[in-house]
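# Structural overview for review
The residues making up each chain are set out below.
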Amino acid sequence: MATVIALGFTWLNSTWLSFKGFSVSKNEKLIDYYLSDFSVLNTYPNGNMKYQIKGEHLVHQQSTGASQIFSPELIAKDTDGVVITLTAKKAEQAEKNGPINLNGDVIAIKDSPEVTKSFELLTRNLTYNPLIRELSSEEEITLNSVNGIIKGQGFNTKLDEEELRIHKNVQAILIPSK
């Protein structure tokens, strides 16, 4: 009788452990939370806005700590306090407060009250680093403003500086002021 009970227990234990619903492998990507039509505001300790992210969907994975955002809209302020809006098809952030990679038809718009400071930047992929407040890309870019059009390959700029560095193949069409 003891042998039958031991065999039954062994069979039950092996069946229980092999059932996929009760086991979690370490490389399985578990979704920690999922948000739909969301808005997240990241602030400084004094309450001022660092940046805001809106989007259709946000998926956060518990195992990796990464987040994916579909149809993101990222809003940050420039040195003069004017809002810069970044939109893309998708965004990914590997870790909390880490760089945010915007992918697919990225548009950066600064709509300043001073028309000469407004611009529209177009590229395929762009990285926003919220800790150092830097925008960068290695892709082709087009910068449109009232002063003209600048095209090039790759760029970087900090939101706290009034400088844009285009890495190579720079072409400019300047429109004279009236």
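Quick summary incoming for the structure in this document.

Okay, the overall build of the chain next. Broken down by element type, the chain carries 1 helix and 11 strands. Counting helices and strands in the order they occur from the N terminus, the chain gives α-β-β-β-β-β-β-β-β-β-β-β. Of all 178 residues assigned to the chain, the portion counted as buried reaches 30%.

Moving on, we get to unusual backbone geometry. Unusually for a residue other than glycine, Asp37 sits at a positive phi of about 45°. Within the secondary structure, Asp37 is located in strand 1 (residues 31-43). Positive phi, close to 50°, is recorded for Asp105, a residue that is not glycine. Mapped onto the fold, Asp105 is located in strand 7 (residues 100-110).

Moving on, we come to the pattern of salt bridges. Per the stated rule, a full pass over the model turns up 4 salt bridges. Between Glu92 and Lys90 there is a salt bridge, and its shortest N-O distance comes to 3.6 Å. Close ionic contact of Glu139 with Arg124 constitutes a salt bridge, the shortest N to O distance being 2.8 Å. With Glu139 in strand 9 (residues 134-145) and Arg124 in strand 8 (residues 119-129), the pair connects residues that are 15 residues apart, well separated along the chain.

Before going further, it helps to examine the pairing of strand 2 (residues 49-61). In terms of strand pairing, strand 2 meets strand 4 (residues 73-77) through 4 bridges, oriented antiparallel. Within strand 4, the position partnered with Tyr51 by the bridge is Ala76. Examined bridge by bridge, strand 2 and strand 3 (residues 67-70) share 4 bridges and lie antiparallel to one another. In the strand pairing of strand 3, His57 is matched with Phe70. Linkage of strand 2 to strand 3, two consecutive antiparallel strands, is achieved through a turn of 5 residues, within which Gly65 is found at a positive phi near 80°.

Counting residues in each nonpolar core, the largest one holds 24 residues, and the members touching the most others are Leu74, Leu86, Leu102, Leu126 and Tyr128. Counting only elements with at least two residues in this core, the list comes to strand 2, strand 4, strand 5 (83-87), strand 7, strand 8 and strand 9. With 4 residues, the top contributor of residues to this core is strand 7. Every residue in contact with Leu74, bar those within four places of it in the chain, is listed here: Tyr51, Gln52, Ile53, Ile84, Thr85, Leu86, Ile100 and Tyr128.

For the rest of this paragraph, the subject is the packing of aromatic side chains. Scanning the model with the defined rule gives 1 aromatic pair in all. For the ring pair Tyr51 and Tyr128, a centre distance of 5.8 Å and an interplane angle of 80° mean the geometry is edge-to-face. Here the residue Tyr51 occupies a position in strand 2, and Tyr128 occupies one in strand 8, the gap between them amounting to 77 residues. Given a relative accessible area of 1%, Tyr128 falls into the buried group.

This part is about the pairing of strand 4. Taken together, the 5 bridges between strand 4 and strand 5 define a ladder with antiparallel strand orientation. Within strand 5, the position partnered with Glu73 by the bridge is Thr87.

Basis of the calculations
- Residues numbered from 1 in each chain as written.
- Predicted model: local features only at pLDDT ≥ 70, side-chain atom pairs only at ≥ 80, totals over all residues.
- Heavy atoms only, no water.
- Helix = DSSP H or I, 4+ residues; strand = E, 2+ residues; numbered from the N terminus.
- Buried < 20%, exposed > 50% of the residue type's maximum accessible area, 1.4 Å probe, protein only.
- Salt bridge = Lys/Arg side-chain N within 4 Å of Asp/Glu carboxyl O.
- Pairing = 2+ DSSP bridges.
- Core = buried A, V, L, I, M, F, W, Y, C linked by side-chain atoms within 4.5 Å.
- Contact = heavy atoms within 4.5 Å.
- Phe/Tyr/Trp six-rings, centres within 6.5 Å; stacked < 30°, edge-to-face > 60°.

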